[in-house]
Amino acid sequence: MRPSKREELIEKSLFVFDQNGFHATGMDLLSAEIGMSKTSIYNHFRTKEDLIVEVLRLQDEQFRNWLLRRMYDLGTANHGGPREQLLAMYDALDEWFNHDNFNGCLFLKATGEYSEHDHPIHRQAIEHAEMFEIQLLALVKKASLRLPELVTRQLLILKDGAISAAQVGHIKSAAKDAKYAAQCLIDTHDTSKRKPVQTSFAF
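Right, let's walk through the structure included here. (Residues numbered from 1 in each chain as written. Predicted model: local features only at pLDDT ≥ 70, side-chain atom pairs only at ≥ 80, totals over all residues. Heavy atoms only, no water.)

Remarks on the overall build of the chain
Thinking step 1. Looking only at helices and strands, one finds nine helices and zero strands in the chain.
Thinking step 2. Going from N to C terminus, the chain has its helices and strands arranged as α-α-α-α-α-α-α-α-α.
Thinking step 3. The dimensions of the chain, computed from C-alpha atoms along their principal axes, are 65 × 35 × 35 Å.
Thinking step 4. Counting over 203 residues, the chain shows a buried share of 42%.
Thinking step 5. Counting contacts in the chain only where the partners sit at least 6 residues apart, residues at least 24 apart contribute 67% of the total. (Helix = DSSP H or I, 4+ residues; strand = E, 2+ residues; numbered from the N terminus. Buried < 20%, exposed > 50% of the residue type's maximum accessible area, 1.4 Å probe, protein only. Contact = heavy atoms within 4.5 Å.)

This is the structure we're talking about:
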């Protein structure tokens, strides 16, 4: 089904914001890039910030669907299970980082440009992180790893750290390095190991 004018506006705006950032993309530039008058844009969205929130919602849906699908496809390619799917997250990130259109993470840009925690744009970016954490936790539990909440948070730190490093551009092997650390983390919390892991952390 052909997208509505509103949906088309959101999709085209996502590309423009991804290329140029949020604050640097004024309404004149946005209008010129997407081929729609400012009046038409304002007919759909009261403010640029309202449009950005919808752009982030679309990006959340697209990115989570893509990443989880690639994790499944790559992780099960050789009859792998949940552990392999968890590690495949970093293989998928490596694909993303090496794509010609990689411009960094739109959600990191959003939290950086709209740093106030109660700002709707900041909250929308955090909601993306929270939704993915829930889905990743479910996979960690399927992998039968000890301390699943802790492992999930640590895997996410490795994921976000790899994205940040790739976005800055100073570590070309960010995804591969994160995968190695993730493998060590998963091995440490593997319930098939005989000895339980001793830890002094508070959870």
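Read on for the rest.
With respect to helix 8 (residues 148-168)
Thinking step 1. With 21 residues, helix 8 extends 30 Å from end C-alpha to end C-alpha; this agrees with the ideal 30 Å at 1.5 Å per step.
Thinking step 2. Those residues of helix 8 lying buried are Pro148, Leu150, Val151, Thr152, Leu155, Leu156, Lys159, Ala162, Ile163, Ala165 and Ala166.
Thinking step 3. The secondary structure elements touched by the buried residues of helix 8 are helix 4 (48-75), helix 5 (82-97), helix 6 (106-113), helix 7 (120-142) and helix 9 (174-188).
Thinking step 4. Two residues or fewer past helix 8, Gly169 is found with a positive phi of approximately 95°. (Expected span 1.5 Å × (residues − 1).)

Re the pattern of salt bridges
Thinking step 1. Counted under the stated rule, the structure contains 12 salt bridges.
Thinking step 2. Between Lys12 and Glu8 there is a salt bridge, with the nearest N and O atoms lying 2.9 Å from each other. Here Lys12 and its partner Glu8 are both found in helix 1 (residues 5-20), four residues apart, which amounts to about one turn of the helix.
Thinking step 3. Residue Glu8 is classed as partly exposed on the basis of its relative accessible area of 22%.
Thinking step 4. Across the salt bridge formed by Asp60 and Arg64, the nearest N and O atoms sit 2.6 Å from each other. Taken as a pair, Asp60 and Arg64 lie in helix 4 at a separation of four residues, close to a single helical turn. As far as burial versus exposure is concerned, Asp60 and Arg64 are alike and both buried. (Salt bridge = Lys/Arg side-chain N within 4 Å of Asp/Glu carboxyl O.)

Everything listed is a geometric property; what it means functionally is a separate question.
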